[in-house]
Amino acid sequence: MPPTAGPPTRWAFGDQLGPHFLDDDGPVLLVESRRVFARRVFHRQKAHLVLSAMRHRAAELGDRCRYMRTGTYREALAEVEGPLQVVHPTSRAAVRLVMEIAGERGVERLPARGYVTSQQDFAAWAQGRGPQRLLMEDFYRGARRRTGILMDGADPAGGRWNFDADNREPPPRGRRTLGVPEPWWPQEDEIDEQVRADLDQWERDGDVRFLGHDGPRRFAATHDEARSALEHFVEHRLDAFGPHEDAVLAGDPWMAHSLLSAPMNLGLLDPVEVVEKVEEAYRTGEVSVASAEGFVRQVMGWRDYVWHLYWHLPETYREDNRLNARRRLPDWFAQLDADATEAACLRHTLGELRDHGWVHHIPRLMILGNYAAQRGWRPDELTSWFHRAFVDGYDWVMVPNVVGMSQHADGGVMATKPYVSGGAYINKMTDHCGGCRFDPTVRVGDDACPFTAGYWWYLDRNRERLDGNQRMGRSLGGLDRLRDLAALVAQEDRRGSDPP
Ligand SMILES: Cc1cc2nc3c(=O)[nH]c(=O)nc-3n(C[C@H](O)[C@H](O)[C@H](O)COP(=O)(O)OP(=O)(O)OC[C@H]3O[C@@H](n4cnc5c(N)ncnc54)[C@H](O)[C@@H]3O)c2cc1C
Ligand code: SF4
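Overview of the structure. (Residues numbered from 1 in each chain as written. Chains lettered and ligands numbered in written order. Predicted model: local features only at pLDDT ≥ 70, side-chain atom pairs only at ≥ 80, totals over all residues. Heavy atoms only, no water.)

Let's talk about the overall build of the chain
Here is step 1: Looking only at helices and strands, the chain features 23 helices and 9 strands.
Here is step 2: Its C-alpha radius of gyration of 23 Å places the chain within 12% of the 23 Å reference for a compact globule of 500 residues.
Here is step 3: Per-residue burial over the chain gives 58% buried out of 500 residues.
Here is step 4: For the chain, the exposed surface amounts to about 21000 Å²; the carbon and sulfur share of it is 47%.
Here is step 5: One finds the centroid of the 64 positive side-chain charges in the chain at a distance of 5 Å from the centroid of its 75 negative side-chain charges. (Helix = DSSP H or I, 4+ residues; strand = E, 2+ residues; numbered from the N terminus. Rg over C-alpha atoms; globule rule 2.2 N^0.38 Å. Buried < 20%, exposed > 50% of the residue type's maximum accessible area, 1.4 Å probe, protein only. Areas by Shrake-Rupley, 256 points an atom, 1.4 Å probe, with all protein chains shown as cover. Lys, Arg positive; Asp, Glu negative; His and termini not counted. Charge placed at Lys NZ, Arg CZ, Asp CG, Glu CD.)

Below you can see the structure in the form of structure tokens.
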């Protein structure tokens, strides 16, 4: 029964599910809004994961939780009497909704949770920088000093702040996999069975459409599962994380990655718990400092930095398009039609995404994002696509990662140079090129690698816009030495967004 007086009801969004969000033993409201799924075409496995996590949480909370299945949040809230509380939501749209509702009835808003650095500490740090750039490296070091994670007194553990130089190795040659134990996998239960049946039904009713294929649930949907995934990762896989974090092997989709972004972004797992566990493994000698630091850098460095930038940058940031990329996202790419292309790297990455709703950081950046930038696809459409196609995609994390890190559409707020590369770099960091019908060293003609040609096409198109960027000087200079540039540009103008 809904409370009419007494303690406030904690209205929790579907990405605020863990104990650190629901810590006061009071009543909880969870709203399963079908319209959220009807409005956008999400990956089938993402819809499954979110619903499974919400329903598992409701089952765990028992009588404490009122679980409402409605069309919209407003319909649900209209039925709940008494005071409401909300932890700061994770998107600007959700904050707007909360503010509107707060204007109509009492809603107590609590500070954000689920990040290592608080909004207050970030604001103080950003203010203290004055006109200096908000560099991730400086933010991260400040957070290490403040929390004491991987610190020996005033010094970083291992004597260095950054082990990237040890951690950027190409994939081991001649190997199909990294040879580390498989990730921890969850066991599906009757809640998953019901979720699957409901999604099938909604699809048959014509209420929703999905991207990608259904498949076994691969990501934690409860706090206990997330802890098991964390413990298994730290014990069996973390030590191999560092050296090969930037490498890709076609036969090993997971490499030594943690698969923890989904439970952290669902609010099931507190990143503080994650970095403390990693620190413990380093202190007891189970993992090297390079792997421990490389991983902690991702979680309390990159993840937190992206979260805070989302709120710090103006709302218009999401529409930035400084390189004037105007082409629409083509259907073959947007629909994850891996078979449409003969480019081995694209085919493989789109296939993995179709089958799992996840690929690791490097295929996101070096294959998908790089190709989109080279082809001049609209950053806003790409942001929406990433958000919908990935199990761990949420507005706060997609906007800076896609607009800033991957597309350089913000003119350099987040990254000092665009992340574009040709086939030679893909050939170095992956094992895709050996089996490809294109040749990474060729830029014009039938065998021309679409990434190698695309790289020069991109530079030629953006020459003036990137001219003032010192870090691009050498690449832009290289353009003038290409004797076949006119033929290359004509070739890529013809190819455009067609599948290579
Ligand atoms: C274009 C693009 C889109 C991305 N979209 C998302 C997204 O929707 N959701 C998401 O969580 N991450 C996103 N990332 C960041 C990163 O690719 C994923 O966090 C990571 O691949 C998730 O797998 P994992 O948990 O095995 O990560 P690991 O390699 O094990 O890394 C550990 C953790 O570090 C954090 N992390 C590392 N880099 C980032 C980053 N740039 N932004 C935020 N967190 C980071 C994640 O929480 C991750 O779980 C994106 C990166 C790019 C380039
Ligand atoms: S040759 Fe080019 S298209 Fe083929 S796998 Fe390598 S980078 Fe991708």
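Some words on the side chain of N370
Here is step 1: Topologically, N370 is positioned in helix α16 (residues 361-375).
Here is step 2: Looking at N370, the relative accessible area reads 0%, which means it is buried.
Here is step 3: Not counting chain neighbours up to four residues away, the residues in contact with N370 comprise L365, Y419, V420, S421, I426 and F451. (Contact = heavy atoms within 4.5 Å.)

A word on the site of ligand 1
Here is step 1: Surrounding ligand 1, one finds 27 residues, the nearest of these being H257, S258, L259, H361 and M398.
Here is step 2: A distance of 2.7 Å separates an oxygen atom of ligand 1 from a polar side-chain atom of S258.
Here is step 3: Contact distances for ligand 1 include 3.5 Å between an oxygen atom and a backbone N or O atom of Q298.
Here is step 4: Relative to its unbound accessible area of 810 Å², ligand 1 is 99% covered by the protein chains.
Here is step 5: Elements with a minimum of two residues in the shell around ligand 1: α11 (261-265), α13 (289-312), α16 and α18 (395-406). (Near = heavy atom within 4 Å. Polar contact = N/O pair within 3.5 Å; in protein donor to acceptor, adjacent residues only side chain to side chain.)

Structural notes on the sheet that holds strand β4 (residues 65-70)
Here is step 1: The strand order across the open sheet built from 5 strands is β4-β2-β1-β5-β6, with neighbouring strands paired in parallel fashion. Of all the strands in the sheet, just β4 and β6 (107-110) have a single pairing partner and so form its edges. Here the strands of the sheet are splayed against their neighbours by 30° on average, with no regard to which way each runs.
Here is step 2: Lying over the sheet, helix α2 (residues 44-61) contacts β2 (28-33) and β4, oriented at roughly 150° with respect to β2. (Pairing = 2+ DSSP bridges. Axes fitted to C-alpha atoms, helices over the stretch in contact; angles between N-to-C directions.)

Quick notes on the nonpolar core
Here is step 1: The biggest cluster of nonpolar side chains holds 89 residues, and the ones touching the most others in it are L30, F37, L238, F295, V296, M300 and W396.
Here is step 2: Examining the composition of this core, we find that 13 residues originate from one element, α13, more than from any other.
Here is step 3: Beyond its immediate chain neighbours, meaning those up to four positions away, M300 contacts V116, F139, Y140, A143, R144, T147, I149 and V275.
Here is step 4: With 34 residues, the next largest nonpolar core counts L346, L353, Y371 and V402 among its residues. (Core = buried A, V, L, I, M, F, W, Y, C linked by side-chain atoms within 4.5 Å.)

Here's the deal with the site of ligand 2
Here is step 1: Close contacts around ligand 2 come from 13 residues, with C345, C433, C436, F438 and C449 the closest.
Here is step 2: At the level of elements, α15 (344-356), α19 (423-429) and α20 (450-461) are the ones that each hand at least two residues to the shell around ligand 2.
Here is step 3: The residue makeup of the shell around ligand 2, split by class, is 11 nonpolar, 2 polar and no charged. (Nonpolar A, V, L, I, M, F, W, Y, C, P; charged D, E, K, R; others polar.)

Describing the environment of L266
Here is step 1: Considering the arrangement of structural elements, one finds L266 in the loop between α11 and α12 (271-283).
Here is step 2: Residues L266 and D392, 126 residues apart in the sequence, show an inter-C-alpha distance of 8.1 Å.
Here is step 3: When near neighbours in sequence (up to four residues on either side) are disregarded, L266 contacts G14, D15, Q16, L17, L49, V50, A53, A220 and Y394.

Re the packing of aromatic side chains
Any pair of aromatic rings gets described here by the distance separating the centres and the angle formed by the planes.
Here is step 1: Evaluated as defined, the whole model comprises 30 aromatic pairs.
Here is step 2: Ring centres 6.4 Å apart and planes at 85° place the aromatic pair W385 and F390 in the edge-to-face group. F390 shares its class with W385; the two are buried.
Here is step 3: Here the aromatic cluster, defined as three or more aromatic residues joined through ring pairs, consists of W332, F333, Y371, W377, W385, F386, F390 and F451.
Here is step 4: For the cation-ring pair, K46 lies above Y394, with the distance from its terminal atom to the ring centre recorded as 5.0 Å.
Here is step 5: Just above the ring of W185 sits the side chain of R218; from NZ or CZ to the centre is 4.5 Å. (Phe/Tyr/Trp six-rings, centres within 6.5 Å; stacked < 30°, edge-to-face > 60°. Lys NZ or Arg CZ within 6 Å of the ring centre and 35° of its normal.)

A word on the pattern of salt bridges
Here is step 1: Under the definition given, this model contains 46 salt bridges.
Here is step 2: Between R347 and D339 there is a salt bridge whose closest N-O contact spans 3.7 Å.
Here is step 3: The exposed category is assigned to D339, whose relative accessible area is 56%.
Here is step 4: Salt bridges linked by common partners bring R44, E188, R196, D200, E203 and D214 together as one network. (Salt bridge = Lys/Arg side-chain N within 4 Å of Asp/Glu carboxyl O.)

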